[in-house]
Amino acid sequence: MDWTDTAIVLQARPHGETSAVLDLFTREHGRHHGLVRGGRSRKIRPTLQTGNLVSVEWRARLSEQLGYFVVELDRPYAARALDDRLALSGIGTLAGHAALLAERDPHPNLFDLARLMLDHLDEETLWPQLLVRFELLLLAELGFGLDLERCAATGAREGLTYVSPKSGSAVSAEAGAPYKDKLMPLPPFLRSASAVATDPQEVAEGFALTGFFLERHVFEPRGLPMPPARQELLRLMRRAG
Amino acid sequence: MSRKAAGPEIENLIALLARMPGLGPRSARRAALHLIKKREQLMQPLARALAEAAEKILVCPECGNLDTASPCTICQDSRRDGGMICVVEEVGDLWALERAGVLNTRYHVLGGTLSPLDGIGPEDLSIGKLLDRARATGVTEVLLALNATVEGQTTAHYLSAELESAGVTVSRLAHGVPVGGELDYLDEGTLAAAVKSRRPV
């Protein structure tokens, strides 16, 4: 058995004195583990940093075995983010979320969005929005997608302003007016796939929305806390105003 | 079925040696054989040294260093600059900096780095003690000598935020081209960090 793929490094754990067990988020093969021989060497350690984009070859005698990875660095996203506290917390959040995925279950769209976010790590106003979209897609891929296309009450596609915390569906301004205290705001940039947020408050509302549903559907049922990196990210964003 | 070539005492010695870093079963056999051959010159002094070390080595309550004195020799050394604390991940890092002889300061051993995926949080590291030390009179700078890894730098950013209230200067080691390093042979990550950390000459 063998395949090649492109992947994002989630974590490398030491194995023995010289090797490492690598946890990758690959594009075509989903989250995948494998052994990297010499993975603790000075030469390969910089490549195995969380958030880096790598080309990987996996080999095993049987498909159910752990197998071996041969890894080559494509984009050193981690090194570029080392000085940037916000970007590091973004990488940490992304890795924490990707680690929720079932092993060997491909999610190419999620991978592409993660890569897009990492590609824009030096654009502080853009990548947090992409992370919100990543979290929305993660919810959908895990089976808890939100319906932000039409109003849950009237079916209208225009004037969507709220999200119902009960159903995870959008609600129009008109239908939601009597219940507005119980509804969550739907940030304008999430009303369309191509919209871009211009106000940091919109992004904060996006994180509040995805955070609420992630906690309820994903983290709480698994008995896990929300990733500390995400809490740090929100704290830094609040501080930056 | 494997046959045993030696008694349980020798087998036990080999098994214990094989658990040392850098030694496998074969090299442990060679080391055991060497010790047995040099019983008086090496094995007995080594056994005494091990017993003495096991009995006397302590973790310094101030900085987390390993020593037989408490506080450790470094913390007791009045010739060291008490105005700076150099924060390291493990005792091995402290030893590396001492070997280099580039700092004449006191240290603080964190005992690891933050790693959410491994469940290592701030409460698992010696951060409270560091904050107490940084707030003490006379401390003006905290140097974060942590590894240039995602975990190391995440910890450094966390510590710099925590140290804000202590009113000290927080610095970190530079990232980039090592001495004697040729650009042609450097990995892309190191080059990216070096370019990002460039400075005027």
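So, here's what we can say about the structure. The structure displayed is predicted, hence computed values, not measured ones.

Some points on the overall build of chain B
When helices and strands are counted, chain B shows eight helices and six strands. In sequence order, the secondary structure elements of chain B are arranged as α-α-α-β-β-α-β-α-β-α-β-α-β-α. In terms of overall dimensions, chain B is more spread out than a globule: its C-alpha atoms have a radius of gyration of 22 Å, far above the 17 Å expected for 201 residues. Considering chain B as a whole, with its 201 residues, one finds that 34% of them fall into the buried category. Of the contacts formed within chain B by residues at least 6 apart in sequence, a portion of 46% connects residues at least 24 apart. Accessible surface for chain B amounts to roughly 12,600 Å². Of this, 55% is attributable to carbon and sulfur atoms. Averaging the coordinates of the 22 positive side-chain charges in chain B and doing the same for the 25 negative ones gives two points 10 Å apart.

Brief notes about the nonpolar core
By size, the foremost hydrophobic cluster in this structure holds 58 residues, and its most contacted members are F25(A), L121(A), L131(A), L186(A), L190(A) and L209(A). Ranked by residue count, the leading element in this core is helix α4 (residues 127-141) of chain A, at eight residues. In contact with L209(A), not counting residues within four places along its chain, are L146(A), V163(A), M184(A), P185(A), L186(A), P187(A) and L190(A). In this structure, V87(B), L125(B), L131(B) and L159(B) belong to the second largest nonpolar core, which totals 18 residues.

A few points about the sheet that holds strand β3 (residues 81-88) of chain B
All names here are of chain B. Overall, parallel pairing links the four strands, which are arranged β4-β3-β5-β6 in an open sheet. Where the open sheet ends on each side, the last strands, each with one partner, are β4 (105-109) and β6 (169-172). Each adjacent strand pair in this sheet contributes to an overall mean axis angle of 25 degrees, direction not counted. Note that β3 and β4 share five bridges and pair parallel. Bridging across to β4, V87 finds its partner in H108. Across the sheet, helix α5 (residues 91-100) lies against β3 and β4, angled at about 160 degrees from β4, the strand it touches most. Helix α7 (residues 150-162) contacts β3, β5 (141-144) and β6 of the sheet and is inclined by roughly 165 degrees relative to β5.

Procedures and definitions
Residues numbered from 1 in each chain as written. Chains lettered and ligands numbered in written order. Predicted model: local features only at pLDDT ≥ 70, side-chain atom pairs only at ≥ 80, totals over all residues. Heavy atoms only, no water. Helix = DSSP H or I, 4+ residues; strand = E, 2+ residues; numbered from the N terminus. Rg over C-alpha atoms; globule rule 2.2 N^0.38 Å. Buried < 20%, exposed > 50% of the residue type's maximum accessible area, 1.4 Å probe, protein only. Contact = heavy atoms within 4.5 Å. Areas by Shrake-Rupley, 256 points an atom, 1.4 Å probe, with all protein chains shown as cover. Lys, Arg positive; Asp, Glu negative; His and termini not counted. Charge placed at Lys NZ, Arg CZ, Asp CG, Glu CD. Core = buried A, V, L, I, M, F, W, Y, C linked by side-chain atoms within 4.5 Å. Pairing = 2+ DSSP bridges. Axes fitted to C-alpha atoms, helices over the stretch in contact; angles between N-to-C directions.

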